[in-house]
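The chain contents come next:
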Amino acid sequence: MKKIFNTTADQMPNILRLELTNTCNMSCPHCRHHSPEKKLPENYPEYYKHASHISDNQVKQIFDEIGPYKPSVTLNVANETLVAKSFKFAVKELKKHDCSGTFNTNGLLLNNDMCEFLVENEFDSVNISIDAVKKETLKKARGITAIDKLIRNVKRLVEIRGDNKFPRVGVTFVIMPYNEKEIPEFLNFWKNIVDVIRFTGYITDKQPDMTVLPGVVQEKIPARIPCKQIFRDIVIRANGDVTPCVITSEAPQYISMGNVFKDGGIKKVWNGKKFLEWRNNHNKSCWDDISYCKGCHYWVESYKVKEKETDEFLIRSPSPYTVFYNVKKKLQNWDREKLIDRQGFGEKNFGAIDSIANYDI
């Protein structure tokens, strides 16, 4: 007998993932969107063949509607957000509505002007993807050897921040067979510079397969539960389309739940027929009725965050996909009630999901 859940969604999403542009200034070999292999004509999704950009007026429209609900905002999806012409305007709109914000970047454009802008506007959180310690490893991960430039840019942001509280600065490391031996050195190096170090497991193309992650075996995977993303997150692409989650947003022929600029805005799409059908299927344990959800393991991120402390770190993880090493002596700029860095969401109750213990990693 299939288990029935009572996972609920608010009238407006709690997390806004906003893609200001669908373009990127790099072609990282392990990127599932813009790698050289993906950019081959026969592989590149139609969506990426034509540049899309959200205008300042469209950014204002989005925040005028959702801003009063104070969502946590991530200013990127499958792109490099610092190349977006509307980036600075989006930051100002976000802060005007007193929302907390974060974004991931490859770090190449963190020049003096950008760092000063982020500090002056008290932007909450910036995460720089590095994935390596050595130049030759960075070449495998990012297609470049400029590890020294990335280190300088991260240090620049930290130095310009000085004694100011924000932004919270983090670095990220996607674990791959060619870089996993560098994890201890990466951790030891960056703990003296940044506020948080995030390690993530590689998400396999189209449908995440948890069994490819180190230490995960099929027998240890817990009973499936509804995926919190469709009850909590809205993903708005650079053309205004809303995709059900960050995984389906990356599918070659992604499904659209509606368009915020053509179908009446965020609230109408969020409470529309398609989202309701998906949520009902998940609450009835009928996720296999949805082709995108069948076989996808990313639902495991819906478990409650597991936490432990060491002398140096507050370590938090919702699943085998993600582990945050928060430097304990640098916790003063982290408000865990506002979902900074995707590490928790205060006391928000999503129903039965929150009563389930975390997957033991």
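Just above, that's the structure.
Residues numbered from 1 in each chain as written. Predicted model: local features only at pLDDT ≥ 70, side-chain atom pairs only at ≥ 80, totals over all residues. Heavy atoms only, no water.

Caption draft 1: Seen up close, empty space enclosed by the protein. Counting across every chain of the model gives two cavities of 30 Å³ or more. Here the largest cavity defines a volume of roughly 120 Å³. Lining the largest cavity we find 14 residues, and of these C227, C245, H282, C293 and C296 sit closest to its centre. Every element with two or more residues in the lining of the largest cavity is listed here: α8 (229-232) and α10 (273-283). A breakdown of the residues in the lining of the largest cavity according to their chemical character gives 10 nonpolar, three polar and one charged. (1 Å grid on protein atoms, 1.4 Å probe; cavity = no way out; pocket = protein on both sides within 12 Å on 5 of 7 lines; lining within 4 Å. Points joined across faces, edges and corners; volume = space filled by probe spheres on them. Helix = DSSP H or I, 4+ residues; strand = E, 2+ residues; numbered from the N terminus. Nonpolar A, V, L, I, M, F, W, Y, C, P; charged D, E, K, R; others polar.)

Caption draft 2: Inspection of the packing of helix α2 (residues 56-66) against helix α3 (residues 87-96) at higher detail. Relative to each other, α2 and α3 sit at 20°, their axes nearing to 10 Å. For the element pair α2 / α3, the angle class is roughly parallel. In terms of crossing hand, the pair formed by α2 and α3 is right-handed. Contacts between α2 and α3 involve D56, V59, K60, F63 and D64 from the first element and F89, A90, E93 and L94 from the second. Counted by class, the contact of α2 with α3 contains five nonpolar, no polar and four charged residues. (Axes fitted to C-alpha atoms, helices over the stretch in contact; angles between N-to-C directions. Parallel < 35°, antiparallel > 145°, perpendicular 65-115°, else oblique. Left-handed = near helix turned anticlockwise from the far one by under 90°. Contact = heavy atoms within 4.5 Å.)

Caption draft 3: Structural view of unusual backbone geometry. In this chain, F166 is followed by P167 through a cis amide linkage whose omega measures 0°. Relative to the helices and strands, P167 resides in the loop between α6 (147-161) and β5 (168-175). Within the chain, E122 stands out as a residue other than glycine whose phi angle is a positive 50°. A positive phi is found at D131, a non-glycine position, where the angle reads about 70°. As for its placement among the helices and strands, D131 is situated in the loop between β4 (125-129) and α5 (135-142). Judged by relative accessible area, which is 0%, D131 ranks as buried. (Buried < 20%, exposed > 50% of the residue type's maximum accessible area, 1.4 Å probe, protein only.)

Caption draft 4: Structural context of the pairing of β5. Of all eight residues that make up β5, seven are buried, and the element is covered over most of its length. The pairing of β5 with strand β6 (residues 196-201) spans six bridges and is parallel. Bridging across to β6, T172 finds its partner in R198. Read from β5 through helix α7 (residues 183-190) to β6, the crossover connection turns out right-handed. (Pairing = 2+ DSSP bridges. Right-handed = clockwise from strand over helix to strand, strands pointing away.)

Caption draft 5: Geometry of the packing of helix α4 (residues 112-120) against α6. Two numbers describe how α4 lies on α6: the axes approach to 9 Å, and their chain directions differ by 45°. Looking at the two axes, α4 sits oblique to α6. The interaxial crossing formed by α4 with α6 has right-handed handedness. Touching N112, C115, E116, L118 and V119 of α4 are R156, L157, I160 and R161, all from α6.

Caption draft 6: Here's a closer look at the state of the cysteines. The full count for this structure, using the stated rule, is zero disulfides. Not part of a disulfide, C293 finds its nearest cysteine sulfur in C245, a span of 6.6 Å. Here C293 falls in the buried class, since its relative accessible area comes to 10%. (Disulfide = S-S within 2.5 Å.)

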